[in-house]
Amino acid sequence: MKTVSLFLLALGGLLFSAVAQNMPPVVVPDSVKANAHSVVLYDSTHMVVNNLQNSKMHCYSRVLLKNKKASDHQEIALYYDDFTEVKSAEVTLYSLLGQKLKSYKLKDFQDVSANTAMATDGRYKLLEVNLQNYPYVLELKYDTEFRGSLFYPSWRPQPSEEQGVQRSVYVLDFNLPSAPRYKAFLADEPQVTEQNGFTQWKWEATNLKPYKWEGRRPRNYSEESLFAPMVLLAPTQFEYKGRQGDFSSWESFGAFFHFLNQDRNTLTEAQLAEVKSTIPENASFESKVRAVYDYMQANTRYVSIQLGIGGWQPFESGYVHEKKYGDCKALTFYTKSLLEALGIPSYYTLINSGAFAQEVIPEFSDDYFDHVILTVPTETDTLWLECTSQTSPFGYMGTFTSDRHAVIIKDGKGELIRTRQYTAQENQQRTTVEVSINNNGSATAKINRQFSGLEVENDGFQWLFDETDEKKKEWFFKNLELESFTVDRFELLPLTDEIVPKGGYEVEITMPLAASASANRIFFDPLKFTGIDYLNVKEKERSKPLEIRYPFTQTDSLLITFEQGNSPENLLKDVEMATDFGIYKRFTQPIEEGKDLVKREFVLHKGVYSPKQYDDFRNFIKDVQKYDRQKMVMVNKS
Amino acid sequence: MKKSMLSVLLALFCVGHSVAQKTPIKFGKVTEEELALKECSFYPQADAMVLGKSGRLHFIYHQEKGWQYELEVTVRKKIFTAKGKEEADIKISYYSPIKGSNREEISGLKAVTYNLVDGKIEKVKLPNSEEHETQLNDFYRSISFAMPAVTEGSVIEYTYTSKSDFISNLATWHFQSDLPVAYSEFRYTIPQFFNYQISQLGSYIEIESEEKKVPETFMLIWHEEQAGIGNFDRNKGTRRTSELKSESNRRYMVAKNVLPFKDEPFMTNKVDVPARLEFQLMSIQYPNEGPKTIAGSYERFNNELLESERFGFRLDKGNFAKEFIETLSGTETEKAAQIFYWLQKHFSWNETHTMFSDLAGKQAFNKKEGTVADINLSLISAYHEAGITAFPVILSTRGHGMVHPVFPNFSEYNYVVALVVIDGNMFFADASADMPFGMLPTKCLNGNGWLVKPGQGQWVNLKQGAVVEETIFSQVEIKEDEVVKKVSVKKDGYTGIALNKSFVEKGEDEFKTSIKESFNDWELAEFSFEAIKNRKEGQFAATFSKELDDPDLIYLQPVGYGFFDENPFQQEKRFSQVDFAHGYAIKGITQITLPEGYKAELPESTMLKLPKSGGTYLYNISQVGNTISLMVQFKLEQKTFTPEEYTFLKEFFDRMVKKNKEVIVLKKQS
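Quick caveat: nothing in here was measured; it's all calculated off a predicted structure. (Residues numbered from 1 in each chain as written. Chains lettered and ligands numbered in written order. Predicted model: local features only at pLDDT ≥ 70, side-chain atom pairs only at ≥ 80, totals over all residues. Heavy atoms only, no water.)

Novice: Mind showing me how you'd approach empty space enclosed by the protein here?
Specialist: Sizing a probe to match a water molecule and rolling it over the atoms shows the empty space that remains. All names here are of chain B. A complete count under the given rule lists 6 cavities of 30 Å³ or more for this structure. Volume-wise, the largest cavity comes out at about 110 Å³. In terms of lining, the largest cavity is formed by 14 residues, of which the most central are Ile-472, Ser-474, Pro-558, Val-559 and Gly-560. At the level of secondary structure, the elements contributing two or more residues to the lining of the largest cavity comprise strand E23 (467–478), strand E24 (482–493), strand E29 (583–593) and strand E33 (627–636). When the residues that make up the lining of the largest cavity are grouped by side-chain class, the tally is 9 nonpolar, 4 polar and 1 charged. Across the lining of the second largest cavity, the residue classes break down as 5 nonpolar, 2 polar and 1 charged. (1 Å grid on protein atoms, 1.4 Å probe; cavity = no way out; pocket = protein on both sides within 12 Å on 5 of 7 lines; lining within 4 Å. Points joined across faces, edges and corners; volume = space filled by probe spheres on them. Helix = DSSP H or I, 4+ residues; strand = E, 2+ residues; numbered from the N terminus. Nonpolar A, V, L, I, M, F, W, Y, C, P; charged D, E, K, R; others polar.)

Novice: How should I be thinking about the sheet that holds strand E38 (residues 632–636) of chain A in this particular structure?
Specialist: Picture the strands of a sheet paired through backbone hydrogen bonds; they go either parallel or antiparallel. Residue and element names in this part refer to chain A. Taken together, the 4 strands give an open sheet; going across it, the order is E29-E30-E38-E33, and neighbouring strands pair in antiparallel fashion. If you trace the sheet from one side to the other, it starts and ends with strand E29 (516–518) and strand E33 (566–570), each paired once. Direction aside, the axes of adjacent strands within the sheet are offset by 25° on average. Two elements, strand E30 (residues 521–524) and E38, share 4 bridges in a ladder whose sense is antiparallel. Paired with Phe-523 across the strands is Val-633, a residue of E38. (Pairing = 2+ DSSP bridges. Axes fitted to C-alpha atoms, helices over the stretch in contact; angles between N-to-C directions.)

Novice: I'm lost on a negative patch on the surface in this one. Help?
Specialist: Among the surface-exposed residues, Glu-480, Asp-481, Glu-523, Glu-547, Asp-549, Asp-550 and Asp-552 of chain B lie close enough to one another that they form a single negatively charged patch. Relative to the elements of secondary structure, Asp-552 of chain B occurs in the loop between strand E26 (537–547) and strand E27 (553–556). (Patch = residues over 30% accessible without salt bridge, like charges linked within 9 Å, V, L, I, M, F, W, Y side chains within 5 Å. Areas by Shrake-Rupley, 256 points an atom, 1.4 Å probe, with all protein chains shown as cover. Salt bridge = Lys/Arg side-chain N within 4 Å of Asp/Glu carboxyl O. Lys, Arg positive; Asp, Glu negative; His and termini not counted. Charge placed at Lys NZ, Arg CZ, Asp CG, Glu CD.)

Novice: How should I be thinking about the pairing of strand E10 (residues 181–190) of chain B in this particular structure?
Specialist: The side chains of a regular strand alternate, residue by residue, between the two faces of the sheet. Residues and elements named next belong to chain B. E10 sits mainly inside the fold: 10 of its 10 residues count as buried. Of the strand pairs in this sheet, E10 and strand E13 (residues 239–258) are connected by 9 bridges, and their pairing is antiparallel. Across the sheet, Thr-189 pairs through a bridge with Arg-250, a residue of E13. (Buried < 20%, exposed > 50% of the residue type's maximum accessible area, 1.4 Å probe, protein only.)

Novice: Looking at this structure, how should I read the interface of chain A and chain B?
Specialist: Put simply, an interface is often sized by how much accessible area is lost when its parts join up. Across the boundary between the two partners, chain A contributes 61 residues, which contact 59 residues of chain B. It is Met-118, Arg-301 and Glu-483 of chain A in chain A that bury the most area against chain B; as a group they hold 13% of the surface buried on that side. Summed over the shared surface of chain A and chain B, the number is 5 salt bridges. Here Asp-89 of chain B ties to Arg-301 of chain A by a salt bridge, and the two come within 2.8 Å at their closest N and O atoms. Counting the contacts that link chain A with chain B gives 18 residue pairs in polar contact (both at pLDDT 80 or more). Residues of the side of chain A that touches chain B, tallied by class, amount to 21 nonpolar, 18 polar and 22 charged. (Contact = heavy atoms within 4.5 Å. Buried area = accessible area lost by both parts, 1.4 Å probe. Polar contact = N/O pair within 3.5 Å; in protein donor to acceptor, adjacent residues only side chain to side chain.)

If you want it as structure tokens, here you go:
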């Protein structure tokens, strides 16, 4: 093996003088070290689950920090709360010759609150290592103890890009009535041994070469889209803060949450009467649900309070009614309780939130979730209610929770479901522009833009309705991709309160620099109003698939009027492309002298594309971007 | 709008309207009118507003700890909209370190939500169990709470008392916030023994104020042997108690209908914006004693720094540099640069900003790492050891606020650099940063710094000579069906350094790609990067080509790389000053060679000027035979622009950007 190390050569004559060394000099194979900012020399996680009530974790790692880009390793944050205790921690810095440079004990760590919430038990033991003299080795040792058997760290031996790994080991010992479960990717089956009633599973990885990150990969766990080995572990039977549970199936997973939510509905008759009074008699099923949702939106606010078992359990619904606030669990459970009083069944639903949230593995039940919403079955369909927003349209899921797996708690058990998908047909941006261009390049334009479906989230449009006029105006300045302009008039077309919401705006602007005019010519790029420059296809090739998760359609129609005496010298040529990835069409239609209509349509399909297809995908997007940049040229004959 | 601090300061003491002593903000006295209010009368778009905020500050004497002050705060807010409800989540942070005995304490918290239900005022109290106390980190604690039963229209109110052991800087009182404030009153009562410098800072607002004397009596425990009383060395000598009478100064100040402050882009020192009152203890004088000065003028500040064990005392610890200095040769300036690069390489900066050092000198040198002060005070010591004139310059970094021009305050400064003076030439040197000798990192380019010098210190302009110089030569040739453009770019100063850094960090391939991307639509044919000379200058040369759609009719935009193609100033109006870190001097020289038989239509030559020679733009184009020559030059000398000057700046940029995008049209003559 080619293990000649530069570091070893540098050692040279110093071997004799380095007597006080307390770690052997660092030797790393080139293949692991090249193109890396850091190298995990050795990493070991040893988890011991003694019984349902207690587990312990010992972690040890030695990481070579080659340069400033490895600085992530310099911040060590060890989480703890009333369920997790950091028993010891030690950090030591060594030179590559193995000489000790500096060391820190647990008492040197800062103790900080994990305080993004109004109130939380979560805290960190935090240490920031300041040594900037690269390269050096950072050794970290710590022990954590858990009151329970719920938590199993996953094994990700190579979590960062541009990081090499020499050796990484994961050992799990357990002595439990039923074995935990694992799901391994790019990793072999574990070595299994039995001793003193304990079963041991062991995984190991050596000499992992650095990889370079690629964005927009599919969010499901799969060997195709992962860069490095990964093993996920999950409990079967467990105990958490004195409560027993079993995550081995979605049914039992849900049962645990059902158990936590039991007897939390404490709404009194008087409280319910307040709500019922706002609901018209003989209201239809849907208008009842809508009325309850409106009531909840109008009468509560989101406040994050995560204390004790409350990190997992909602506030009592009577408490939410009285205080008029709660977190996602509390507000969802409250809405569910209100619907229940009207005889409408609904399901508390655990989900992973965010536009690029990781997918769950359907056959591997575990707690993947960070959010709770409410599922309401209707006669023909299903409604999903987001209870933490005071403004979200009724039934709208957005990129926050649409098109993914979730677990509903139904009849005391869990059930895996999939939330609604929004199609390219539903996700529309329609733009109509009338623009008059003067010979000096200035222009006035009337822009009407309508969004539907997920497109209402464009540039945060959905959230504009809460804002002041001033902020709305600022939003136009920030998001109309145009040169200097003044807003003469603007009007927001209100967001409709429905599952596929619609909304938009109409704005009239004056632009001193709409076109570039020189001598007797005008150069104008009409598609500046739209453009998809944000779709970045800079990487020339990929090793992992690419996913377009949210499809959309853009249609544009521009009526462009020039001053009299201008005639086209160069109009935009017609384009039509249809590929596996989407559709692009652009037509120019002269209406009369100095007046032209430009029409454009762009559809981006939903899809997952292999690295082989990437080149074609890239060319398609680059072509669209090029066509969108093209200018029309008018010449003034007068 | 922000006036100079000094003029605001003077204005404060001229405005002396009599104000009603009776405060409308008394805890618990929420009115039906307030509950019925539909919008803020002077800022109708607000989601929530502060109806009133009241602060009462007075001194107490604690038998163990000595002088303290108490501040009773009451805040009353109105919630108008659903979005405004987030204003009902309250968090009060205060200094309470795990170690050490001096701290702040919060007590007496009460909070109530008021709603109008069926025409009647309904009160909902915050139970103690819903006050969440958290030790945020080793230094700060917080109390947070969510006001209960908040709906659109609610009025919320809370009150608490904060007690502090730190009398040298009293709590800053903010009259302005990110919500509109209808009424903000602050009343302080300061014993006659304490002389505070009180400054009204930030945006200008009108404040009514009234002053009077009130008698106060303090029970003191003090120690006989000691010359003074108070917090300073209180614990020596025999214990005595006595009564201390004071004709205390009470000032009552009110600001009404204060607009919220705005968060704007390109606003460097956001902390300077809100209108507020700051206190700094200048001197203490007890009856029958001479005054004891605590803080004061820059003259004193200068001397205190020079006498400080953690500053002035650290400037002559250069013995660690003896051996190195003996090896030096060349001119004084060359020697100064060699010392700088030696220490820059030797030290690694631990990312801490401060101007004080306990270690500068041999100790810091042996440690090889340290704070800005550890490194730069060591650097100055080494200069002194070598007989080179060098002074420390203290400053506040960009974003940390501007320093007070008249009343110095240690906490306003967070950085120290060296200024080397050789034959009347001045060189800045910051060995903690990755910058060449003579240049400060961009974060230091913030107004003036104070040069600490025995005898007399002085202000130095930190942006002096801070400029970006770029020259772009282009040779364009029209061939049969393509245009070929040869570009050579030379950058000096801040962008030169950036170019070099980017080359080192990205590596050649990625660097090439990034350059190519800034020449949109052009294909890159050849590329070379000039070896780094002095890290200040960066150079590259490249050849690009572009296919011609129609060789008979060619549109060519001659200005591109290096020049603004978009106006960064889009807002119509501006409220805070525009702050460029450095000036610009960018020059583009382009030669276009035409093949036979083409006729060119050229843009017009133009010149633009900012008022007071703040900046110029020149566009000079001509054709001789088959050669078109263009010279474009952009110079910006003025570095800060007031909101009034903003209009000119925006207009200047608009026109410049427009000109940069103009096109030459080449037509083949048939």
